[in-house]
Amino acid sequence: MTRRLPFRYLEPTFCAGLLDDPILLVNIRPLGRAILVDCGQIHHLAKRVLKSLDALFVTHAHMDHFMGFDALVRHIHVSPRAVELFGPPGIARKVAAKLAGYDWNLTESYWCTFRVHEVHPDRILSFTFPGSEGFPRHPAGERKRHGAEIWRNDFLTVEAELCDHHAIPTLVFRVSERPSFWIDGEKVAAAGLVAGEWLRELKHRFYRGGLDGKEIAAPVRTADGSEAWRVFEGRGLFEAIRRDQEPASIGYLTDIGASGENLATVRRRLGGVTLLACECSFLAADVAKARNSHHLCTTDVSALARELRPAYLLPMHLSKSYNTKGHLLYEELALPPETRLIRLPEHLTPRPLLPAEFPRLGGA
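Treat the numbers as computed from the prediction; the structure is a model and nothing was measured.

Some thoughts on the packing of helix H8 (residues 260-270) against helix H10 (residues 298-308)
Now for step 1: Running from N to C, H8 and H10 cross one another at 35°; their axes reach a closest spacing of 10 Å. Our pair here, H8 against H10, has a crossing hand that is right-handed. Contacts between H8 and H10 pair Leu263, Val266, Arg267 and Leu270 from the former with Leu304, Glu307 and Leu308 from the latter.
Now for step 2: Looking at the contact of H8 with H10, its residues break down into five nonpolar, no polar and two charged.

As for the nonpolar core
Now for step 1: Counting residues in each nonpolar core, the largest one holds 62 residues, and the members touching the most others are Ile35 and Ile150.
Now for step 2: By size, the runner-up hydrophobic cluster in this structure holds 33 residues, among which are Leu56, Val58, Phe66 and Phe114.

Side note on the packing of aromatic side chains
Now for step 1: According to the stated counting rule, one finds 16 aromatic pairs in the structure shown.
Now for step 2: Taking 5.7 Å as the distance between ring centres and 25° as the angle between the ring planes, the aromatic pair formed by Phe66 and Phe69 counts as stacked. The exposure classification of Phe66 matches that of Phe69, with both residues buried.
Now for step 3: Between the aromatic rings of Trp104 and Trp111, the centroid separation amounts to 6.0 Å while the plane-to-plane angle is 85°, which identifies the pairing as edge-to-face. The exposure classification of Trp104 matches that of Trp111, with both residues buried.
Now for step 4: Sitting over the ring of Phe66, Lys98 keeps its end group 5.0 Å from the ring centre.
Now for step 5: One residue, Arg137, lies across the ring of Phe127, its end atom 5.6 Å from the ring centre.

Thoughts on the state of the cysteines
Now for step 1: Using the criterion set out here, one finds zero disulfides in the structure.
Now for step 2: No disulfide involves Cys39; its sulfur sits 12 Å from the nearest other cysteine sulfur, which is in Cys15.
Now for step 3: We classify Cys39 as buried; its relative accessible area is 1%.
Now for step 4: No disulfide involves Cys297; its sulfur sits 7.0 Å from the nearest other cysteine sulfur, which is in Cys280.
Now for step 5: According to the relative accessible area criterion, Cys297 is buried, its value standing at 1%.

Definitions and limits used
- Residues numbered from 1 in each chain as written.
- Predicted model: local features only at pLDDT ≥ 70, side-chain atom pairs only at ≥ 80, totals over all residues.
- Heavy atoms only, no water.
- Axes fitted to C-alpha atoms, helices over the stretch in contact; angles between N-to-C directions.
- Helix = DSSP H or I, 4+ residues; strand = E, 2+ residues; numbered from the N terminus.
- Left-handed = near helix turned anticlockwise from the far one by under 90°.
- Contact = heavy atoms within 4.5 Å.
- Nonpolar A, V, L, I, M, F, W, Y, C, P; charged D, E, K, R; others polar.
- Core = buried A, V, L, I, M, F, W, Y, C linked by side-chain atoms within 4.5 Å.
- Buried < 20%, exposed > 50% of the residue type's maximum accessible area, 1.4 Å probe, protein only.
- Phe/Tyr/Trp six-rings, centres within 6.5 Å; stacked < 30°, edge-to-face > 60°.
- Lys NZ or Arg CZ within 6 Å of the ring centre and 35° of its normal.
- Disulfide = S-S within 2.5 Å.

Written as structure tokens, this is what we have:
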């Protein structure tokens with residue numbers, strides 16, 4: 001992406017071309033860490049990128065969205081850490097099958113552990129795969145879902161909803177920046193407050209969850225121009241002077257059919273996102289193919305954009321049958337005036353080599 005998107009903490013990078021297997025990398029700048037959404041072919045990502053991952057979010061287990069998990073294991077399995085993986089119901093069984101396909105007779109006690117979470121409509125089932133034991137699957141309990149959130153850290157939250165992709169579940173994700181400590185100077189002045197060290201204390205408590213029900217003292221300008229200290233409830237004080245700004249967010253949508261139920265789920269979860277990464281597998285003339293394969297076409301994506309009103313639209317996952325014709329997709333999309341279109345080259349992954357391009361054994 002050549003244009004800097006309006007995120008404060010997050011840096012989304014789409015690591016594929018228009019026709020390549022979709023991969024969305026989201027760097028979390030304050031942490032120097034990242035999350036990955038989908039992982040088809042990821043061999044072109046550097047090892048340092050894969051080692052920076054804290055969590056992987058998989059929409060479904062088709063090869064073009066999940067085959068890169070093996071490459072991820074190859075690069076990080078000897079790291080002394082835990083990696084979270086979220087996917088639809090049944091993903092733990094598929095992870096177990098992948099890991100069981102290799103011999104692990106040289107394991108070490110410090111090898112990484114994968115924590116795999118299956119996202120169901122009403123609960124999340126968790127499993128651990130400890131590398132020190134050769135990655136067997138161990139049940140790790142379940143928790144009820146309260147709302148759409150499935151994972152968070154200090155700077156972002158990830159929400160997920162289940163859709164249908166021809167009788168298999170697929171996940172739609174929304175990645176949002178956590179609210180940040182932004183203060184409106186005009187509101188501070190209007191409240192008669194005098195800026196000072198108390199703002200630093202308020203910020204400290206904001207990021208450590210110490211506002212609700214806690215008191216904080218701040219100076220207030222009196223009628224005669226002097227200052228008097230007053231005690232405020234922390235949350236109420238922050239809400240009175242914070243800057244009104246919706247946190248930036250990323251919507252990720254792929255491999256769903258254009259059914260009424262699927263589209264209603266997308267509208268409910270992805271409305272008003274800053275960046276919408278959305279599959280657009282077929283052109284309008286091939287709507288029958290889109291319906292038969294349970295994908296979206298340009299007409300569907302245009303309609304969604306007009307309803308969701310994203311600031312930026314990134315169409316991706318175009319069918320490979322349109323090789324060299326990707327420009328037609330951009331010509332067909334009809335977006336609302338406030339939505340900027342992000343264009344991808346058709347391919348970003350390296351071209352496979354032909355036998356004649358390899359060095360000859362034994363010299364020239």
